[in-house]
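Listed below, chain by chain, are the residues.
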Amino acid sequence: MKTIQWFPGHMAKAVRMMEENVKLCDAVVFVLDARAPASSYNARLADMVGGKPVLFVLNKGDLADGGADMAVTKMAQAGRTAVRIAAAQPASLRPLTAAMELVTAQKRARLAERGVKKPLRFLVAGIPNTGKSTVINLLAGGRKAQVGDKAGVTRAKQWVRCGAFELLDTPGTMPPSVADQGMARRLAYLGSINDEILDKEEIALALLEELWEKYPAALSARYAIEGGTPLEMYEALCRKRAFMLKGGECDYARGAVALLDDLRKGRLGRICLDGAEDLKKAGLV
Ligand SMILES: Nc1nc2c(ncn2[C@@H]2O[C@H](COP(=O)(O)OP(=O)(O)O)[C@@H](O)[C@H]2O)c(=O)[nH]1
Ligand SMILES: [Mg+2]
């Protein structure tokens, strides 16, 4: 399979923007995809936050299984603060703000000692498509009021009030880490790496192989797949969904689109593709 890469020029620019935004904030909410919490981390974050508190939010929890809870537990054991939520659901607001309070408790205590009362400022950051904008909307609620601005290096920054906090109204988008190809592929499955630059049929083959290892029952239930080589499974999927071309050949392109769509929308059930080893490899634990 083709190597998934990231254009270094984009990387450098995104990193510069992130560094600039982190400087304006007291803490960072780093949004991960609960279905691939290790793959959706980028270890370069550590250099950017300069010791500021980080809350890891495993978002899209409604689409994840117990693997996401395992990740939260392992991260907590490693001294990180992590919470699993589904930002698209209003019920996630409370656990999220509680975790934001937790991660800034020391800082607030220090400020209070000196008699300083000011809202602490957060940057919501993460790689593409993890739900950063959805998290900002959840926190900002209906009152996406502008609470003032502060001159940044290149343009004024807008802040939105959220209870005792303020958020930068634009998310800090970080490039995904593509150091590990297995993890980079998971980002492609979940839509955090642009489909356009990838060969969907190669992605489908790799995904079928991985799903057969981790969630065979889901493949059997939805596509009547009963194992075999990745190509045999791919053909079974196309036959089951009647994605056939004239002459009886499989319509692989449609099959790939359907498989990715099913996975992303949760029609294959709740999943978590990363295990304990991946958390280590990614530098999260
Ligand atoms: N099922 C589910 N979908 C979500 C959740 N949060 C965000 N999404 C969806 O994921 C996609 C990307 O979200 P967005 O906030 O734009 O991500 P961003 O690129 O990180 O800003 C959108 O289609 C959202 O509706 C969630 O908690 N559950
Ligand atoms: Mg966004």
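Placed above this text is the structure.
First things first, this report covers the structure right here in the doc. (Residues numbered from 1 in each chain as written. Chains lettered and ligands numbered in written order. Predicted model: local features only at pLDDT ≥ 70, side-chain atom pairs only at ≥ 80, totals over all residues. Heavy atoms only, no water.)

**Remarks on the packing of helix H4 (residues 93-103) against helix H6 (residues 132-140)**
Geometry of a packed helix pair, given as the angle between the helix axes and the separation of the axes.
Logical step 1: Look at H4 against H6: their axes get within 10 Å of each other, and the N-to-C directions meet at 90 degrees. With respect to each other, H4 and H6 are oriented roughly perpendicular. Contacts between H4 and H6 involve Leu93, Leu96, Thr97 and Met100 on the former and, on the latter, Val135, Leu138 and Leu139.
Logical step 2: Of the residues contributing to the contact of H4 with H6, the split by class is six nonpolar, one polar and no charged. (Axes fitted to C-alpha atoms, helices over the stretch in contact; angles between N-to-C directions. Helix = DSSP H or I, 4+ residues; strand = E, 2+ residues; numbered from the N terminus. Parallel < 35°, antiparallel > 145°, perpendicular 65-115°, else oblique. Contact = heavy atoms within 4.5 Å. Nonpolar A, V, L, I, M, F, W, Y, C, P; charged D, E, K, R; others polar.)

**Overview of the environment of Arg185**
Logical step 1: Looking at the secondary structure, you find Arg185 in helix H7 (residues 181-190).
Logical step 2: What makes Arg185 partly exposed here is its relative accessible area of 24%.
Logical step 3: Counting along the chain gives 51 residues from Arg185 to Thr134, while the straight-line C-alpha distance between them is 24 Å. (Buried < 20%, exposed > 50% of the residue type's maximum accessible area, 1.4 Å probe, protein only.)

**Considerations on the pattern of salt bridges**
Logical step 1: Scanning all chains against the criterion turns up 18 salt bridges.
Logical step 2: As a salt-bridge pair, Asp274 and Arg186 come within 2.7 Å of each other at their nearest N and O atoms. Within this pair, whereas Asp274 is found in the loop between helix H11 (252-264) and helix H12 (276-282), its partner Arg186 is found in helix H7, the two being separated by 88 residues in sequence.
Logical step 3: Residue class for Asp274 comes out buried when judged on its relative accessible area of 5%.
Logical step 4: For the salt bridge of Arg222 with Asp262, the shortest nitrogen-to-oxygen distance reads 2.7 Å. Taken together, the positions of Arg222 in helix H9 (residues 216-223) and Asp262 in helix H11 put the pair 40 residues apart, joining distant regions of the chain.
Logical step 5: Linked through salt bridges whose partners overlap, the residues forming this network are Asp180, Arg186, Glu210, Lys214, Asp274, Asp278 and Lys281. (Salt bridge = Lys/Arg side-chain N within 4 Å of Asp/Glu carboxyl O.)

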